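Structural features, examined
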Amino acid sequence: MPSLDKTNSSNISTGLEKLETLLKTLKLFEEDRVKTFEDWSFSEDEKCSISEMAKAGFCFTGDMSKDDDSATCFVCGKVLDGWENTDDPWIEHQKHSANCQFVKMRRSEDELTVEEFLDLFKHISRQYLTNQYKKKEAVFIEVVQNIREIIKNQQF
Ligand SMILES: [Zn+2]
């Protein structure tokens, strides 16, 4: 009697959950970038509004309680601060990071084709994994150096 392979279906749903978490972590969707802004200085009728910041690829990465309005691009990682209400986030992005893949596309999320969206996903996933690798590599190198010191200081 045929039966559903529950192992496979749970693997797919676990995989999709992981993918969803990764997409949220990478701030690939405008709505996830919007959520990073809490106490933003400018309203929605100003050029430098939260929705325009998110549209132009920025996530809030500062600390408003310390007067730090840093915002970071989810693709190129460029950090910009000192925003003014008349700043156009796209223009600022282009001015400071002309080689950003998102700036080169210069299209809002709903204008992207599936292929372009997947290209962006591939690009930022690679960067994310490279950064994760570099962090682990740095920890590994530190551990190796510590072990080397311990061995060097041992008296035989
Ligand atoms: Zn960028």
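Just above, that's the structure.
Residues numbered from 1 in each chain as written. Predicted model: local features only at pLDDT ≥ 70, side-chain atom pairs only at ≥ 80, totals over all residues. Heavy atoms only, no water.

Another point: the sheet that holds strand β3 (residues 79-80). Strand order in the open sheet formed by three strands is β1-β2-β3, and the pairing between neighbours is antiparallel. Edge strands, defined here as strands with exactly one partner in the open sheet, are β1 (58-60) and β3. Here β1 pairs with strand β2 (residues 71-73) via three bridges, running antiparallel. Directly across from Cys59, in β2, lies its bridge partner Thr72. (Pairing = 2+ DSSP bridges. Helix = DSSP H or I, 4+ residues; strand = E, 2+ residues; numbered from the N terminus.)

This paragraph deals with the coordination of the zinc ion. Distances from the zinc ion to its protein donors, namely Cys73 (SG), Cys76 (SG), His93 (NE2) and Cys100 (SG), fall within the range 2.1 to 2.3 Å. Between consecutive donor residues of the zinc ion, the sequence gaps follow C-x2-C-x16-H-x6-C. In this pair, Cys73 sits in strand β2 while Cys100 sits in the loop between α4 (89-96) and α5 (101-105), placing the two residues 27 residues apart along the sequence. Each member of the pair, Cys73 as well as Cys100, is classed as buried. (Donors = N, O, S within 2.8 Å, 3.2 Å for Na, K, Ca; no water. Buried < 20%, exposed > 50% of the residue type's maximum accessible area, 1.4 Å probe, protein only.)

Before going further, it helps to spend a moment on the side chain of Glu92. Examined against the element boundaries, Glu92 turns out to sit in helix α4. The contacts of Glu92, once residues within four sequence positions are left out, are Leu80, Trp83 and Asp87. (Contact = heavy atoms within 4.5 Å.)

Locating Leu28 in the fold gives a position in the loop between α1 (6-25) and α2 (30-34). Look at Leu28 and you get buried, because its relative accessible area is 3%. Separated by 47 residues in the primary sequence, Leu28 and Val75 have C-alpha atoms spaced 8.4 Å apart. Apart from residues lying up to four places away in sequence, Leu28 is in contact with Leu23, Arg33, Phe74, Glu109, Phe117, Phe121 and Ile124.

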